[in-house]
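Residues per chain, in single letters:
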Amino acid sequence: MILVTGATGNIGSALLKELQALGAGPLRGLTRDTARAAFPEGVEAVAGDFAETATLKPAMRGARSLFLVSRLGSDAEIIEAARQEGVEHVVLVSSITVQTHPHLGPAHENLAVEQLLQDSGMAWTILRPTQFASNALWWSGAIRRHETLRVPYADIGLPTIHPADIASVAGAALTQSGHHERTYALTGPERVTPRLQVGAVATALGRQVPFAGISRAEAHREMADFLGDEAADAVLDLTGGDVNDELLKVRDTVSRITGTPARTFQQWVTENVHAFR
């Protein structure tokens, strides 16, 4: 039995499809609302809430493997619950910032979760993806309203990853041998600047998307209103203000593990253009 948590999210929903296509199973998908879950045929929908670890135990019961995204609840309690329920192998989604920006608060928290898992006695596989292609959805409201996008670091490109590629690597780790006690840094196949990302959305829409590069100070004022000062600074560092070779590096991990090329940002846009209409 494989339990996929976050089963309605960008990665979890793609992972369930991936595992079903691979013939893996039986499969369970964890969701807070089973009545609204639209899982692939044959996937058992089970209820659970990361905010209440006790609700996760029944879902874990009988599961051999667990897919887990870090920092969605009390990770220490979640990992201990998995151990108590007999889970043998956990695939954890962490973040590439653990190795690129370990001084940042979220990176430090992700590293602590990784250590908890490594010390748990269960087999583990850790995935460290870079910036998600789906982060472009932050712009969707402004694009739908035909507003000018105001973006800092417009010409600094990161090797953005399609969430489905994270799912593909997770699927391999859950179904193939040789991935226990391994940590994988994951990126897309090329660096894509914000300007190019918006251009890809505009092409898919068949219309112009107004775009303006802005300063870090301007961006910080806008972001701090809903993220807070510290989080706004961290996001700005990671999207261009404090990039380094590790963050900019394009890696072949996805293609090495899955045997297929990593998906492009353009592919993600084609699949999700409806969100910008």
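About the thresholds
- Residues numbered from 1 in each chain as written.
- Predicted model: local features only at pLDDT ≥ 70, side-chain atom pairs only at ≥ 80, totals over all residues.
- Heavy atoms only, no water.
- Core = buried A, V, L, I, M, F, W, Y, C linked by side-chain atoms within 4.5 Å.
- Buried < 20%, exposed > 50% of the residue type's maximum accessible area, 1.4 Å probe, protein only.
- Helix = DSSP H or I, 4+ residues; strand = E, 2+ residues; numbered from the N terminus.
- Contact = heavy atoms within 4.5 Å.
- Expected span 1.5 Å × (residues − 1).
- Axes fitted to C-alpha atoms, helices over the stretch in contact; angles between N-to-C directions.
- Parallel < 35°, antiparallel > 145°, perpendicular 65-115°, else oblique.
- Left-handed = near helix turned anticlockwise from the far one by under 90°.
- Nonpolar A, V, L, I, M, F, W, Y, C, P; charged D, E, K, R; others polar.
- Phe/Tyr/Trp six-rings, centres within 6.5 Å; stacked < 30°, edge-to-face > 60°.
- Pairing = 2+ DSSP bridges.
- Salt bridge = Lys/Arg side-chain N within 4 Å of Asp/Glu carboxyl O.

**What about the nonpolar core?**
Alright, step 1. Among the nonpolar cores identified, the biggest contains 30 residues, and Val4, Leu15, Phe67, Leu127 and Leu186 are the most heavily contacted of them.
Alright, step 2. Counting residues per element, the ones that place at least two in this core are strand E1 (2-4), helix H1 (10-22), strand E5 (89-93), helix H7 (163-175), strand E8 (182-186) and helix H12 (253-258).
Alright, step 3. Among the elements that make up this core, the one with the highest residue count is H7 (eight residues).
Alright, step 4. Discounting chain neighbours no more than four positions away, the residues touching leucine 15 are Val4, Phe67, Ala167, Ala170, Gly171 and Leu174.
Alright, step 5. Met60, Leu68, Ala81 and Val90 belong to the second largest nonpolar core, which has 22 residues in total.

**Focus: H7**
Alright, step 1. Along its 13 residues, H7 runs 19 Å from first to last C-alpha, staying within 8% of the 18 Å computed at 1.5 Å per residue.
Alright, step 2. The buried fraction of H7 amounts to twelve of the 13 residues, a majority that puts the element mostly inside the structure.
Alright, step 3. For H7, every residue scored as buried is listed here: Pro163, Ala164, Asp165, Ile166, Ala167, Ser168, Val169, Ala170, Gly171, Ala172, Ala173 and Leu174.

**Here we look at the packing of helix H3 (residues 75-84) against helix H5 (residues 105-118)**
Alright, step 1. It is at 10 Å that the axes of H3 and H5 come closest, and there the two elements cross at 20 degrees. When the interaxial angle is binned, H3 and H5 end up roughly parallel. The element H3 and its partner H5 pack so that their crossing is right-handed. For the pair H3 and H5, the contacting residues are Asp75, Ala76 and Ile79 in the first and Val113, Leu116 and Leu117 in the second.
Alright, step 2. Of the residues that constitute the contact of H3 with H5, the class distribution is five nonpolar, no polar and one charged.

**Remarks on unusual backbone geometry**
Alright, step 1. Of note, histidine 146 is a non-glycine position whose phi angle comes to about 60 degrees, a positive value.
Alright, step 2. With respect to the helices and strands, the residue histidine 146 is situated in the loop between helix H6 (140-144) and strand E7 (149-152).
Alright, step 3. In this model, tyrosine 153 sits at a positive phi of 50 degrees, which is unusual for a non-glycine residue.
Alright, step 4. Within the secondary structure, tyrosine 153 sits in the loop between E7 and H7.

**Quick notes on the packing of aromatic side chains**
Alright, step 1. Here the structure, examined in full by the defined rule, presents two aromatic pairs.
Alright, step 2. Aromatic side chains tryptophan 268 and phenylalanine 276 sit 6.1 Å apart centroid to centroid with 80 degrees between the ring planes, which places their arrangement in the edge-to-face category.
Alright, step 3. The exposure class of tryptophan 268 is buried, given its relative accessible area of 2%.
Alright, step 4. With a relative accessible area of 0%, phenylalanine 276 lands in the buried category.
Alright, step 5. Following the ring pairs from residue to residue traces out a cluster consisting of Phe265, Trp268 and Phe276.

**Some words on the sheet that holds E5**
Alright, step 1. Here seven strands make up an open sheet; going across it, the order is E3-E2-E1-E4-E5-E6-E8 and the pairing parallel. Because the sheet does not close on itself, it has two edges, and the strands there are strand E3 (44-47) and E8. On average, adjacent strands in this sheet sit at an angle of 20 degrees to one another, irrespective of strand direction.
Alright, step 2. Strand direction decides the pairing type here: strand E6 (residues 123-129) and E8, joined by five bridges, are parallel. In the strand pairing of E8, arginine 128 is matched with alanine 185.
Alright, step 3. Where H5 meets the sheet, its contacts fall on E5 and E6, and the angle it forms with E6 comes to roughly 160 degrees.
Alright, step 4. Along the sheet, H7 makes contact with E1, strand E4 (65-69), E5, E6 and E8, crossing E5 at roughly 165 degrees.

**So, the side chain of serine 94**
Alright, step 1. Within the secondary structure layout, serine 94 lies in the loop between E5 and helix H4 (97-100).
Alright, step 2. Discounting residues that sit within four places of it in the chain, serine 94 has contacts with Ser70, Asn110, Glu114, Ile126, Leu127, Arg128 and Pro129.

**Some details on the environment of glycine 213**
Alright, step 1. For glycine 213, the position within the fold is in strand E9 (residues 211-214).
Alright, step 2. Distance in space between the C-alpha atoms of glycine 213 and alanine 164 is 29 Å, their sequence separation being 49 residues.
Alright, step 3. Residues contacting glycine 213, with those up to four places away along its chain left out, are Val151 and Ala154.

**Things to note about the environment of methionine 223**
Alright, step 1. As for its placement among the helices and strands, methionine 223 is situated in helix H9 (residues 216-227).
Alright, step 2. Sequence separation between methionine 223 and leucine 236 is 13 residues; the distance between their C-alpha atoms is 9.3 Å.
Alright, step 3. For methionine 223, the contacting residues outside a window of four places in its chain are Gly228, Ala232, Val235 and Leu236.

**Some details on the pattern of salt bridges**
Alright, step 1. Per the stated rule, a full pass over the model turns up 14 salt bridges.
Alright, step 2. Arginine 150 is paired through a salt bridge with glutamate 222; the nearest N and O atoms lie 2.7 Å apart. Taken together, the residues arginine 150 in strand E7 and glutamate 222 in helix H9 connect sequence positions 72 residues apart.
Alright, step 3. Of the residues examined, arginine 150 reaches a relative accessible area of 39% and is grouped as partly exposed.

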